[in-house]
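Secondary and tertiary structure notes
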Amino acid sequence: MGIDDILNKLEAAEQDFLLSSLLAPVLPGQPVMVRVAGVLCQLRADDPKFEGWAILRPLSREQAKIERPASLAEVAAYLGLFPAVRLIALARKGRRWSALPAHRGDTRFRLNGPVPVLLAEEGIEPFDVVVARFDGRLFWYERRDSRHNPALAAYLRQAFNEQIAPEKLQKKGLSAEERAAYAETWKAIEEARRNSVEGKLAEALSHAGGKMLSFLERADVYTVMYQVGNQRHVSTVRKDDLTVMTAGICLAGHDRDFDLTSLVGVLRESRARHVPRVGENADISEEYYRRVHPPRRN
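Quick caveat: nothing in here was measured; it's all calculated off a predicted structure.

What follows deals with the packing of helix α3 (residues 150-161) against helix α4 (residues 176-206). In contact at an axis separation of 11 Å, α3 and α4 are set at 25° when each is read in the N-to-C sense. Taken as axis vectors, α3 and α4 run roughly parallel relative to one another. As for the relative orientation of α3 and α4, their crossing is right-handed in sense. When α3 is examined against α4, the residues Leu152, Leu156, Ala159 and Phe160 are found in contact with a partner set consisting of Glu178, Tyr182, Thr185, Trp186 and Ile189. Here the contact of α3 with α4 is composed, by residue class, of 7 nonpolar, 1 polar and 1 charged.

By size, the foremost hydrophobic cluster in this structure holds 25 residues, and its most contacted members are Leu201, Tyr222, Val224, Tyr226, Val237, Leu260 and Leu263. Those elements giving two or more residues to this core turn out to be α4, β11 (211-217), β12 (221-228) and α5 (260-270). A per-element tally of this core places α5 first, with 5 residues. Aside from chain neighbours lying at most four places away, what touches Val224 is Leu201, Leu205, Met212, Ser214, Phe215, His233, Val234, Ser235 and Val237. Val85, Phe109, Val117 and Ala120 belong to the second-largest nonpolar core, a separate cluster that totals 14 residues.

What follows covers the sheet that holds strand β8 (residues 115-118). Taken in spatial order, the 5 strands of this closed barrel run β6-β7-β8-β10-β9, and their pairing is mixed. Recorded for the sheet is a direction-independent mean angle of 55° between the axes of neighbouring strands. Of the strand pairs in this sheet, strand β6 (residues 84-93) and strand β7 (residues 96-101) are connected by 6 bridges, and their pairing is antiparallel. Opposite Leu87, over in β7, you have Pro101 as the bridge partner. Packed onto the sheet, α4 meets β6 and β7 and runs at close to 25° relative to β6.

The rules behind the values
Residues numbered from 1 in each chain as written. Predicted model: local features only at pLDDT ≥ 70, side-chain atom pairs only at ≥ 80, totals over all residues. Heavy atoms only, no water. Axes fitted to C-alpha atoms, helices over the stretch in contact; angles between N-to-C directions. Helix = DSSP H or I, 4+ residues; strand = E, 2+ residues; numbered from the N terminus. Parallel < 35°, antiparallel > 145°, perpendicular 65-115°, else oblique. Left-handed = near helix turned anticlockwise from the far one by under 90°. Contact = heavy atoms within 4.5 Å. Nonpolar A, V, L, I, M, F, W, Y, C, P; charged D, E, K, R; others polar. Core = buried A, V, L, I, M, F, W, Y, C linked by side-chain atoms within 4.5 Å. Buried < 20%, exposed > 50% of the residue type's maximum accessible area, 1.4 Å probe, protein only. Pairing = 2+ DSSP bridges.

Spatial relationships are all this shows, so hold off on functional conclusions.
See the structure below:
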């Protein structure tokens, strides 16, 4: 076939395309991807807020009009063209869920981490097993997996609410994939919480000109390493209100008169004279300091 024949074929396909209606998933603010004679094209829907499956009528090579939402039967027929994969739902953002494979042995897909599942229905909850269809680029929600025991997902949700660590899960029938999904969700929440704590500590320090370096979390306290000027300090503060438990310098037992922000000002003043440091490998051990200067308030 010569180049003229190929161009004529493409032109004819384009004309047919402009005269037809098509079904496609539409995401707010995202181009609609369609194929014309095997060529992937992008269309801009006329309603930028629409989200869902729609019947579109092309207006040009770049724009399309949403004629109506697609019916359930039309969507089912469209999704049926693509391979199905079972996934475990992790976390939701709008109608998008992140999910992990429910069967790692499925060699058709190589998933190294959570993948987005788009246009999920309402009512899906974390750890539900769903069926999605993969169109070669994206995973589109099709339905819940009715064959999967819903009691397993309910148990995982209850365990998560009760803050049961992944290694302490006890439920007959849990798969390795479900345990991995639980651990992934646990890790994500822990990281988000830790980032929130780090931001809280950094903000308290920065108000007085201190710089956050690192922190350790214990039962009721944070041990914070930070910098004031050219000096590093380590202080222990209460979790709930950042009241100082151990300042890291000798305050004659008045450590708890300060919070982390006000302590930075005290540390700045102490640079003008020698104030004994308190802590490991410091002038005074914390144990000795507490014995000589029991905690008190003015």
